[in-house]
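Chain residues, written in single-letter form:
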Amino acid sequence: MKIVVIGQSQFGLEVYKCLRAEGHDVKGVFTIPDKDGKSDPLGTAAEKDGVPVFKLARWRVKGQVIPGVLETYKALGAELNVLPYCSQFIPMQVIDYPCHGSIIYHPSLLPRHRGASAINWTLAHGDEKAGFSVFWADSGLDTGPILLQKEVSVTPDDTLSSLYKRFFFQRSQGMVEAVQLINSGDAPRIIQPEEGASYEPIMKKELAKINWDQPALAIHNWIRGNDSNPGAWTIMEGQRVTFHGSHLGGSATQGGKEVSIEGATQPGLICQDGLLVYGNDGNAVTIKNLRFDNGRMLPASAYFCQDKTTTMELSSDEQAMAEEMKEVWTSILSSLSSVEESTDFFKNGAGSMDVIRLVEEVRARCRGVQLEPDDVYMAPQFGAFVQAVARRMRGEGQRELVVSYVTKEVNGMIINIPHQCFINGEFVDAADGKTYDSINPSDETVICSVACASARDVDLAVAAAKTAFEDGEWGKMNARDKGNLMYRLADLMDKHQEELATIEALDSGAVYTLALKTHVGMAVQTFRYFAGWCDKIQGSTIPINHARPNRNLTLTRRQPLGVCAIVIPWNYPLMMLAWKSAACLAAGNTLVLKPAQVTPLSALKFAELSARAGFPPGVINILPGPGSVVGQHLSEHCDIRKLGFTGSTEIGKQIMKSCAVSNLKKVSLELGGKSPLIIFSDCDLDKAVRMGMSAVFFNKGENCIAAGHLFVEDSIHDEFVNGVLREVKKLKIGDPLDRRTDHGPQNHRAHLEKLLEFCKRGQAEGATLRYGGTQLPRPGLFFVPAVFTDVQDDMFISKEESFGPIMIISRFPNGNVEDVLRRANATEYGLASGVFTRDVNRALLMAERLQAGTVFVNTYNKTDVAAPFGGFKQSGFGKDLGEEALNEYLQTKCITLEY
């Protein structure tokens, strides 16, 4: 189709490029004149392509079209005019001339918000839907028939920037789609209804003052609708202050300082999270940044602090960057002849779309440096902006991480514990403001209140992860740089290992020394191991039959899946997080992780460290909360492409069903276990006793591969049992932070009660309780490790997993290998197993025939980050650790080409 493009700006350029890419014949481009020797981006691109470009100062004089201009236009022979964005008045003689007329883009769902600043008004009025329209131009103002509309739901946390990133960048494709409909003869002309129609004026500073006599939601909408320009403002402490970055809710749980706000129902409150302001309904809005009339901008939380920013001396490369940035600023701020250090971006007419353009220009020109819109708002003067970019080029100046800590002095140190959801690189309250208490199992006191995520938080986290994967810095980062980020995170975890281990001890009851070595130590090792895999994920070339006379080449690429969900258990909170998330990230995915509801704190500390390591926003998201809400919604969410789960078989089945029904997402499951440990009479008995104790009682028995059923050969049975009883009585049960403690409290009360009931049932069925099986008479969830003998294969405790420190011992006849193999395999579980014998042939036979994903021979609990880990049968499928774990988070693409 023969098309004339009339417009300007980066948007006009995008539409122009898309039209040409679709094969349309752009006969000419009409745009605005050069400003200070700078051409509009649309005109510059068209001139390079050899397309006629006309830079008109005006189309009319005294209301009449200029004849020469009209003739020049008609000579191009356009069949359709496309107006993506046009600041000039185009005469109706031009609008109506082509056989197909003219189509125009408008950033609202017409007839709502006719006029200027439509997206701003969509937010300011609290619309549930935003969108854009392509309509047929007529003589009215945005009143022509509708050709095409696209819409998106507006969330309470959406801003102009987030809407553009998530949706409005599709507008150029929308214009092209409209042209295709015209070309095929399928373009509708839907008359705009008058019902619901509104006309909005251009937003001006004097009109943007906040009305405090309205609910918090309306105030929040007004602030985000006015965005950077003109900016919603009020009189605070006697001076005009403009607000930027608001979100609903917030509480001053950590205290705060009052500030007076003219006309507000109550004073504002400066606290760690920002400035809290209140509507007439008593609900709060949190303000992130403040801007003053002198152009200075600062975080609201720092209102009472002095600005200690120093000016850096720029290197030669940075000075060259500054000159490039001057070119960018002058092209955006077209009214300026030159840009000085004090030039203010917003005071010279820049708006929210200009902010997005500036951010993209920095990324394109400055070695992929990624700014956020807030970085521009925080440094609106050119000198400060250049400093901000220079700091980012040096690896400094990352987005400030605001963390609301619960601080405790414990274990000879001060620990800082985050307690909010971690979404898109920020700690935030749950969307509905709900919290729950995290309990210390040593004394059942409350450690802190933790944000209780909802389905709404899942949606926000998944959207952030999807954006990070598809459009963000992570998706563009090369594999080696991703590996370096993972190494950096591992180093930070190592540096904070005592703090992390203390949090694990407080939250899960893990013995501190074990938490240092295993919970934290293996988590660090896991991240270092998989960091090394990042740039070694390779495809292959495959010889295939050639179809003569042509030759063919087939190659494969192993690619990430996208957004992955990870749901982990409460027994090794940090280690389980690392086992799954390290492989997930090494493969190039982004993730949303749900820690166990009863042990969320080390995962939230991990989230803080990931941000400080430099992981881009949205790559890692952590949502504490109930599995019935968060886990279920993750398994049903259609933007998630993989779910990794460790937990019970019952829940694993439900998750697998939900994953299949929703969008057939990939699943890996590590589920229940009842791992057999077979001890032959030719073993090293002292070692068998020692390792058998560890196999059952390691980590308080809260161990997925714990030996759930011991089979001991008759001739050594009594001696083995006596050895176990001798050793189990030596275990020191107590405070997990005491270095002398061997055995800490069980994880949570419901689990302790389950263990007590398990022991009662074993006794009722006739098994002999030789030791323990009771709760210690002291505060806390302390359980005395139990030893059962005379256990028959048909008993409940023989078949079901206790997931606690309960040793189940059965006999088997001397030399009867086949029978003990049959008994060991007579379970629906198959996670791990063990054999103690000096006979190598017997060991190899048992290892071959035991139906379990892991077989330990003359050892137990010996897992390593390089060795694959996973179960058979109803213990699940898929692997954690080792190279095989990468396969769970990759998909293979086959590419065949002919040459």
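For the structure itself, consult the block above.
To start, this report covers the structure provided alongside it.

Analysis parameters
Residues numbered from 1 in each chain as written. Predicted model: local features only at pLDDT ≥ 70, side-chain atom pairs only at ≥ 80, totals over all residues. Heavy atoms only, no water. Axes fitted to C-alpha atoms, helices over the stretch in contact; angles between N-to-C directions. Helix = DSSP H or I, 4+ residues; strand = E, 2+ residues; numbered from the N terminus. Parallel < 35°, antiparallel > 145°, perpendicular 65-115°, else oblique. Left-handed = near helix turned anticlockwise from the far one by under 90°. Contact = heavy atoms within 4.5 Å. Nonpolar A, V, L, I, M, F, W, Y, C, P; charged D, E, K, R; others polar. Expected span 1.5 Å × (residues − 1). Buried < 20%, exposed > 50% of the residue type's maximum accessible area, 1.4 Å probe, protein only. 1 Å grid on protein atoms, 1.4 Å probe; cavity = no way out; pocket = protein on both sides within 12 Å on 5 of 7 lines; lining within 4 Å. Points joined across faces, edges and corners; volume = space filled by probe spheres on them. Pairing = 2+ DSSP bridges. Phe/Tyr/Trp six-rings, centres within 6.5 Å; stacked < 30°, edge-to-face > 60°. Lys NZ or Arg CZ within 6 Å of the ring centre and 35° of its normal. Patch = residues over 30% accessible without salt bridge, like charges linked within 9 Å, V, L, I, M, F, W, Y side chains within 5 Å. Areas by Shrake-Rupley, 256 points an atom, 1.4 Å probe, with all protein chains shown as cover. Salt bridge = Lys/Arg side-chain N within 4 Å of Asp/Glu carboxyl O.

### Overview of the packing of helix α9 (residues 316-332) against helix α12 (residues 382-393)
It is the contact of α9 with α12, at a shortest axis distance of 10 Å, that shows an interaxial angle of 130°. With respect to α12, the element α9 is oriented oblique. Two packed elements cross with a definite hand, and for α9 against α12 that hand is right-handed. On the side of α9, the interface is formed by Glu318, Met321, Ala322, Met325, Lys326 and Trp329, while α12 contributes Phe382, Phe385, Val386, Val389, Ala390 and Met393. Partitioned by chemical class, the residues of the contact of α9 with α12 number 10 nonpolar, no polar and 2 charged.

### Considerations on helix α22 (residues 685-697)
Every α-helical turn comprises 3.6 residues, leaving residues that sit three or four positions apart pointing alike. In a regular helix each residue adds 1.5 Å, so 13 residues correspond to 18 Å; α22 covers 18 Å between its end C-alpha atoms and thus fits that length. When α22 is considered as a whole, its buried residues turn out to be Leu685, Ala688, Val689, Met691, Gly692, Met693, Ala695, Val696 and Phe697. On the buried face of α22, the contacting elements are β32 (675-679), β33 (707-713), α23 (714-728), β35 (786-789), β36 (806-812) and β38 (832-836). In the segment just after α22, Asn699 is the residue with positive phi, at about 55°.

### Considerations on empty space enclosed by the protein
Following the criterion strictly, the structure yields 5 cavities of 30 Å³ or more and no others. In this model, the largest cavity occupies a volume close to 90 Å³. Of the residues that constitute the lining of the largest cavity, the class distribution is 6 nonpolar, 6 polar and 2 charged. Quantified by volume, the second largest cavity comes out at close to 60 Å³. Pro676, Ala824, Tyr829, Gln851 and Ala852 are, among the 15 residues lining the second largest cavity, the residues nearest its centre.

### Observations regarding the pairing of β36
In terms of burial, β36 is a largely internal element, 6 of the 7 residues being buried. Taken together, the 4 bridges between β33 and β36 define a ladder with parallel strand orientation. What sits directly across from Leu710, in β36, is Ile809. As paired strands, β35 and β36 are joined by 3 bridges and run parallel to one another. Of the residues in β36, the one forming a bridge with Val787 is Met807.

### Structural notes on the packing of aromatic side chains
Summed over the entire model, instances satisfying the criterion amount to 22 aromatic pairs. Ring centres of Tyr105 and Phe132 lie 5.6 Å apart, and the angle between their planes is 45°; this geometry places the pair in the tilted category. With Tyr105 in strand β7 (residues 102-106) and Phe132 in strand β9 (residues 129-136), the pair connects residues that are 27 residues apart, well separated along the chain. When sorted by exposure, Tyr105 lands in the same class as Phe132, which is buried. Measuring from ring centre to ring centre gives 5.8 Å for Phe758 and Phe796, while their planes differ by 55°; the resulting arrangement is tilted. Placement of Phe758 in helix α24 (residues 749-764) and of Phe796 in helix α25 (residues 796-799) is noted, with a sequence separation of 38 residues between them. On the accessibility criterion, Phe796 (24% relative accessible area) is partly exposed. One cation-aromatic arrangement involves Arg171 over Phe11; the distance from NZ or CZ to the ring centre is 3.9 Å.

### Topic: a nonpolar patch on the surface
Among the surface-exposed residues, Leu553, Leu897 and Tyr899 lie close enough to one another that they form a single nonpolar patch of about 270 Å² accessible area. Within the fold, Leu553 resides in strand β26 (residues 552-560). When its relative accessible area of 31% is taken as the criterion, Leu553 is described as partly exposed.

### Looking at the packing of helix α13 (residues 455-470) against helix α20 (residues 627-636)
Where α13 contacts α20, the axes come no closer than 9 Å and their chain directions differ by 45°. Taken together, the axes of α13 and α20 lie oblique to each other. Here α13 runs over α20; the crossing is right-handed. Judged by residue contacts, Ala455, Val458, Asp459 and Val462 of α13 engage Val629, Val630, His633 and Leu634 from α20. Residue composition of the contact of α13 with α20, by class: 6 nonpolar, 1 polar and 1 charged.

### Overview of the pattern of salt bridges
What the rule picks out here adds up to 35 salt bridges. Measuring nitrogen to oxygen at the nearest pair gives 3.1 Å for the salt bridge that ties Glu426 to Lys288. Remark: Lys288 occurs in strand β17 (residues 284-292) and Glu426 occurs in strand β22 (residues 426-428); sequence separation between them is 138 residues. For Lys288, a relative accessible area of 29% corresponds to the partly exposed category. A salt bridge links Arg612 to Glu608; the nearest nitrogen and oxygen atoms lie 2.9 Å apart. Separated by 4 residues within a single helix, Arg612 and Glu608 lie in helix α19 (residues 601-613), roughly one turn from each other. Assessed through its relative accessible area of 44%, Arg612 is described here as partly exposed. Three or more residues joined by partner-sharing salt bridges are found here, namely Glu324, Arg357, Glu361 and Arg365.

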